[in-house]
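# Chain and residue survey
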Amino acid sequence: AISGAPPQGRPPRSVSPLAGRGAPPGQFQAPASVPTFGACPRHGTAVCGFSPFRDGPPPWTCPGPGFGPGPSLGSGRGPPCEGSPPFSGSCGGGEAGPHTGSLGTAEAVLLSEFGSDVLQALRPHYSALVAVADLAAGSPHIRAFLRLVASLQQRAAGAEAEAHHWRSRCWAAEVHLQQTRGEADTTKERAARARRDTDDLRGQLQAAARAHEGLQGERRSNDERMALELERARGEVLRLGAQGMAQSQELAHEQAAMIACSHEINRLRVELEVVGTMSRQNAGALEAARRQAAGSDISAEQATQEKVRAEALLKHATREQHAGLLSATEAATTEAARLRRRIDGGKDELLGVRRVLAATEAILAEVQSISSCTNAAAEFLRDPNTPAAQLANGPMALAAGGPAPVRVPVLALRWAPGAAMDTTPVLRALRADGVYGIFHQLQTGAKLPEQIELTVCCADGRWFCARPEEAHRFAALLFFQALHRDAPVSATCRVGSVHSMMNAPPVDFTGLGIRSAGTLWRTPPLDDEDFLKALLSGTQVKQDLEQFFHGRRRGRVEDALREEAVRDPVGSVIPLPGPLRINGPPAEAQPAAGRGFPRQRGVI
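Presented here is a report on the structure given in the accompanying data block. (Residues numbered from 1 in each chain as written. Predicted model: local features only at pLDDT ≥ 70, side-chain atom pairs only at ≥ 80, totals over all residues. Heavy atoms only, no water.)

Right, let's get into the overall build of the chain. Scanning the chain from N- to C-terminus turns up twelve helices and nine strands. Expressed as a percentage of contacts within the chain between residues at least 6 apart in sequence, the contacts between residues at least 24 apart total 61%. Total accessible area computed for the chain in this model is approximately 39,300 Å², and 59% of it derives from carbon and sulfur atoms. (Helix = DSSP H or I, 4+ residues; strand = E, 2+ residues; numbered from the N terminus. Contact = heavy atoms within 4.5 Å. Areas by Shrake-Rupley, 256 points an atom, 1.4 Å probe, with all protein chains shown as cover.)

Even without a glycine there, the phi angle at Asp 460 is positive, about 60°. Looking at where Asp 460 falls in the secondary structure, it is placed in the loop between strand S6 (453-459) and strand S7 (462-465).

For the rest of this paragraph, the subject is helix H11 (residues 528-535). Every buried residue of H11 is listed here: Glu 529, Ala 534 and Leu 535. Buried residues along H11 sit against helix H8 (427-430) and helix H12 (541-567). (Buried < 20%, exposed > 50% of the residue type's maximum accessible area, 1.4 Å probe, protein only.)

Turning next to helix H9 (residues 435-444). Those residues of H9 lying buried are Val 435, Gly 437, Ile 438, Gln 441 and Leu 442. At its buried positions, H9 is contacted by H8 and helix H10 (471-483). Two residues or fewer past H9, Gly 445 is found with a positive phi of approximately 85°.

Our focus in this paragraph is the pairing of S6. Where burial is concerned, most of S6 is hidden: five out of the seven residues are buried. Pairing of S6 with strand S8 (residues 490-496) involves five bridges; the strand directions are parallel. When the bridges of S8 are listed, Val 456 appears paired with Val 495. Bridge analysis of S6 against S7 gives four bridges, and the strand direction is antiparallel. (Pairing = 2+ DSSP bridges.)

What follows is about the pairing of S8. The element S8 is largely enclosed, with a buried count of five among its seven residues. The pairing of strand S3 (residues 406-409) with S8 spans four bridges and is antiparallel. Within S8, the residue paired with Arg 407 across the bridge is Thr 492.

On to the pattern of salt bridges. Tallied over the entire structure, the rule returns 21 salt bridges. With a closest N to O distance of 3.9 Å, Glu 453 and Arg 494 form a salt bridge. Taken as a pair, Glu 453 in strand S6 and Arg 494 in strand S8 lie far apart in primary sequence, 41 residues in all. Judged by relative accessible area, Glu 453 falls into the partly exposed class, the value being 39%. Among the ionic pairs, Arg 562 bridges to Asp 559, the shortest N-O distance being 2.8 Å. (Salt bridge = Lys/Arg side-chain N within 4 Å of Asp/Glu carboxyl O.)

None of the figures reported here should be taken as evidence of function without further support.
Next comes the structure, spelled out in C-alpha cells:
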C-alpha cells in the first residue's frame, strides 16, 4: 500500500473530484486542481472559475444576463458583465459567432471532464482534444471517452510519480546496502581477527591450565611425600628417643657394675693387705717361737718341724690369696675393658642419634619455613587442652543448640571413609555455594574461612570431616590453604560423635586423599559448543542452548547448500551422468559468497 504523503521536495496538490472517475479503489490518484463554479452577483448566472492553463485569465468571468447552466455553457446570449474581461473565448458576449461559441463549449467540456492539471499535461494535444470535445455535445459516449482519457492521464501521472518515488527509495536502499555490505565485510574481518585472538588465548589458557594441573599434581605429591617424611621422621625420632633412653639405662647399669667391680678390687686389695699383715704377724710369731724355743731349750728338731710347717702354711695361704687376687684383678680388668667398649659404642650411637636429630630438626625447620601452617596443625593435634580436644575427650556440655562451635585448622582434618567429590567445572560448581564459588569468595575476601561451618568428629586421635554433603566446603578451604601456606586457615566446626560418619575409619585408613566420582569429562572437550553444553549441564538453560546450536548448524547446512547451488546450479539439484558432469574448482579456491559472483538484484 502506498501512503498519500507526497514525495520529498514536492508540494502537496489537491485532488479533483473528477480525477478519480473510473479508477479502481486504492489506486494512487494524480493530483489536480478542483474546478469551481459559482453565480454572478449581478445576474445570478452560472459561471466557470477555470482557465485551461495555470497562466490563464482571472478566475472566472460572467457571460452576462440570461446565461444559464447546462451544455450550452459558453454560448450565452447576453453581453458580458461590465468590468470583467472575457474568458479566452469560453464565456463571451451573447452574440458570438458559431465558431466562438463552439470553442467555448468544447473548452467547458474539457474543463469539466479533464480538469486544469490534465489539460496542462495534454497541452501539446489541446487542438485535437477541442475537436473531440466539439463532438461531445450530442454524444455521451465521447464524454465517457474523455473521462477515460482523463483517468488514464491521471493514472499515468500517478504511476510516474510513484516510479520516481520508488526510484529514489531504491537508490537510497542501494547506497544503504553498499554501506551495510562494507560494514559486514569489516565485521567479518574483525570477527576473524577476534576468532584468531580467541584461539590463541584459548591455547595459552589450555597451556596454563595444563601447567597449573602439573604444578598442582607436583604440589600434591610433594605434600604427600613431605607428610610421609614427617611421619617417618616423627616415628624415627620417637624410636631413637626410646633407644637412647634404653641405652642410657644400660649405661647406668654398666656404670653401676663398674663401681661394684671397683669396690670388689678395693676389697681384695684390703684383704691382700690383711693377708700380708697376718703373714708378718705369723713371721713375728715364728720369731717369738724361735726365741721361746731357744730360750726354753726346745729341741732343734721340733723347732725345725714347726718352722717348716708354719712356712708351708704361710706359703700355701699366700699362694691361694695371690692367685685369687690375680684372677679377680684380671676379671675386673676384662669387665672394665668390656664396659669401656660399651661406653664408647654408646657414645658413638648417641652421636649418631644426635646427628639424626639435628637432620630431623633441619627438615622440620625447612618444613616450617615453606609451610608454617603445618606446624600449627601439628601443635593442634598434640595439644590436649584445646577446646576441640576437650569436647572430644570429655563429656559434652548440655546446651539448647548443642555444644559451642570451635576453631579447627583445615590441615588437621581428614576425609571421611568413602568420601568422593565431582570436580567437573560445571555451572553449579561455579555458583556461590559450589566448590569453586566458595574458593573464589575466599580468595577475593568476600567470605572469611570462619564463616564456613563443618561437622567434624574425632576417632583414635584423628579428626575427620563427618558429612559427605560438606565435602565441597572442605575442598574449597583446602584450596584456599594451599594458596596461603604462610598462615593457618581455621574453619568453624561443630564437634560430633564418631557415629555421625556413615562408616567408622579403619586403623590403617589415613583420610589424606579423596577420589573423583561422577565427573562429566577427564579432559576438556575441544569443541566450544560441547564445552559450553558440558558447562551448563544440570541447568534449564542447556535445552535452549542446544536448540540454538541446532538452529545454527542448520543455518550452516543451508549456507553450504546455497553455496553449492551457486557453484553448481544444475548438479546440486539433478545428478548428471559421469561424462557430462563438470567438476567445479576445489573448495579452497571457491570465492566467498557475495564476492566472486555477480550480485543478483531482486525486482522491487
